[in-house]
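One-letter residues, chain by chain:
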Protein chains: 2
Amino acid sequence: MRAKRVLTDRESALPALAEAFREHGYDGASLAVLSKATGLGKGSLYNFFPGGKEEMMAAVLDDIDRWFADAIFRPLEDISSPAKAIGLMFDVVSAYFQSGRRVCIIGSLGLNAAGEVFAARVRQYFARWIGAVARCLERGSVPPALAVEHAEEAISGIQGAIVLTRALGDEAAFARVVDRLRSSLLDALDRSG
Amino acid sequence: MRAKRVLTDRESALPALAEAFREHGYDGASLAVLSKATGLGKGSLYNFFPGGKEEMMAAVLDDIDRWFADAIFRPLEDISSPAKAIGLMFDVVSAYFQSGRRVCIIGSLGLNAAGEVFAARVRQYFARWIGAVARCLERGSVPPALAVEHAEEAISGIQGAIVLTRALGDEAAFARVVDRLRSSLLDALDRSG
DNA sequence: ATAACAATGTACCAAGCGGTACATACGGGG
DNA sequence: CCCCGTATGTACCGCTTGGTACATTGTTAT
């Protein structure tokens, strides 16, 4: 049994790390915070992540990438009906961001200098997401240029909805904005299909 | 000459402080950063802002509030043509955020735990902005409920455009998203007027 | 039972943090 | 010209930071 020889592996610490980075940002998430969030001492943390904070954040980003690929990008390709795929995406995203209470780590990384180290990953995350949505719209006969524009509108709009919801402390605002985005994309599919 | 008796007053330090907070966030903007950004030593900084970092940020927020009231909210009320007022707002906002290169301090304050102290101001900033846009749309005969929804769409969309633009490092994305928002609001005015 | 090794807690480090104290430099009003 | 309050640089404070070192534990294979 080589695989499960350890009681705790770094994988199982990722969700707690992600939540800590989410709530405090990269700067604000001190090792004390990360230690309390995971229940792991500094010794264990540095055993699993020899590269320190930066490696922890990198692992969290990898985890998020994997999750998005599975839960968002792949369905956008696989589901035969583009309208259904888009609708599902908004549902899944709303749940993931807990109607805007939960911050998008990657989006907020791009906002200040602390995240510059991860700039390439941040860019790739958004580019992949926009690309996936645009390709899905194209499958629904939306012209390529218009598809990209709608995809940008959607991803940008979701990020804005998170900012607005956190600022107002009003989850209903998230629902309103996201529903409007959903309608806009579905309308585009209707008109083109 | 009572007014100009001092060589440097706290007012003149505000732009540099704002830029520092903008680029590094509240946590990331250490006193060393703020000192270098303003060219003032710690002595002077604490002479002007006895309350330390928190008072500096509060002063910056006051300054921003004042600027928005003058450059955004008042024109939204005063300009007789709602369509012109909305168009101007998007122009002014695009310039202010430098097509998305510049972060919205207040929006990003809401995103992590460091900004919790300022939660009330953050909420007020967004509520006022949405209110001003909504009232302007109502002046153009857009029904109240729809006006609020469009106003939310605009403010939320602008915040999202900033996030997206910073993430992609692509100012053109900001222009595309914001133009789309502008059209959406002007269309609503057209349909209702 | 024991050897080998991963996992962990603790002590420690230099550097940086926000903030304070204070002696000095400065400049306008008497 | 001097005086007094403001402005400023510097030294310093206690504390936290990210990170390291290491001795100890716990587990597993032999």
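Up top you'll find the structure we're talking about.
The present account deals with the structure reproduced in this document. (Residues numbered from 1 in each chain as written. Chains lettered and ligands numbered in written order. Predicted model: local features only at pLDDT ≥ 70, side-chain atom pairs only at ≥ 80, totals over all residues.)

1. Comments concerning the nonpolar core
Nonpolar side chains in soluble globular proteins tend to end up buried together. Here is the rule we go by: By our criterion, buried Ala, Val, Leu, Ile, Met, Phe, Trp, Tyr and Cys residues that link up through C-beta atoms within 7 Å make up a nonpolar core. Residue burial here comes from a neighbour count, namely the number of other C-beta atoms, placed from the backbone, that lie within 10 Å of the residue's own C-beta, with 20 or more meaning buried, 12 or fewer meaning exposed, and in between meaning partly exposed. For every residue pair, C-beta atoms are placed from the backbone, and the pair is scored as a contact if these atoms sit within 7 Å.
Ranked by internal contacts, the top residues of the largest apolar core, which has 116 residues, are A:V133, A:L137, B:V133 and B:L137. Apart from residues no more than four positions distant in its own chain, A:L137 is found in contact with A:P82, A:V142, A:A147, A:H150, A:A151, A:L185, A:A188 and A:L189.

2. Overview of the interface of chain B and chain A
Just so we agree on the cut-off: Counting from the N terminus, the helices are DSSP H or I runs at least four residues long and the strands are E runs at least two residues long. For this classification, the nonpolar set comprises Ala, Val, Leu, Ile, Met, Phe, Trp, Tyr, Cys and Pro, the charged set comprises Asp, Glu, Lys and Arg, and every other residue, Gly included, is treated as polar.
Each side of the interface is counted separately: chain B has 37 residues, and chain A has 37 residues. Contributions of two or more residues to the side of chain B that touches chain A are made by α1 (10–28), α6 (105–109), α7 (119–139), α8 (144–168) and α9 (171–192) of chain B. Counting residues per element, the side of chain B that touches chain A draws most heavily on α8(B), which supplies 15 residues. Residue classes in the side of chain B that touches chain A are distributed as 16 nonpolar, 12 polar and 9 charged.

3. Some thoughts on unusual backbone geometry
Residues and elements named next belong to chain B. We note that Q98 has phi near 45°; this positive angle belongs to a residue other than glycine. Residue position: Q98 is located in the loop between α5 (82–96) and α6. Given 13 C-beta atoms within 10 Å, Q98 falls into the partly exposed group.

4. Here we look at the packing of helix α7 (residues 119–139) of chain A against helix α8 (residues 144–168) of chain A
Residue and element names in this part refer to chain A. Quick note on the threshold: Interaxial angle, 0 to 180 degrees, is taken between N-to-C directions of lines fitted to C-alpha atoms, where a helix line uses only the stretch in contact. Here roughly perpendicular refers to angles of 65 to 115 degrees, roughly parallel to angles under 35, roughly antiparallel to angles over 145, and oblique to all remaining angles. In a left-handed crossing the near helix is turned counterclockwise from the far helix by less than a right angle, and in a right-handed crossing that turn is clockwise.
Orientation of α7 relative to α8, taken along the N-to-C sense of each, is 130°, at an axis distance of 8 Å. Judged by the inter-axis angle, α7 sits oblique to α8. Considering only the axes of α7 and α8, their crossing is right-handed. Contacts between α7 and α8 involve F126, W129, I130, V133, A134, L137 and E138 from the first element and P144, A147, V148, H150, A151, E152, A154 and I155 from the second. Here the residues of the contact of α7 with α8 sort into 12 nonpolar, 1 polar and 2 charged.

5. Quick notes on the environment of B:A37
All names here are of chain B. Within the fold, A37 resides in helix α2 (residues 31–38). In this structure A37 comes out as partly exposed when scored by C-beta crowding, with 19 C-beta atoms within 10 Å. Considered as a pair, A37 and S141 are 104 residues apart in the sequence and their alpha carbons are 47 Å apart. Not counting chain neighbours up to four residues away, the residues in contact with A37 comprise A16, L17, E19 and A20.

6. Concerning α8(A)
Think of an α-helix as 3.6 residues a turn; residues three or four steps apart then line up on the same face. Rules: Given the number of residues in a helix, its expected span is that number minus one, multiplied by 1.5 Å.
With 25 residues, α8(A) ought to run about 36 Å at 1.5 Å a step, and its terminal C-alpha atoms sit 35 Å apart, in line with that. With 21 of 25 residues buried, α8(A) lies mostly within the body of the structure.

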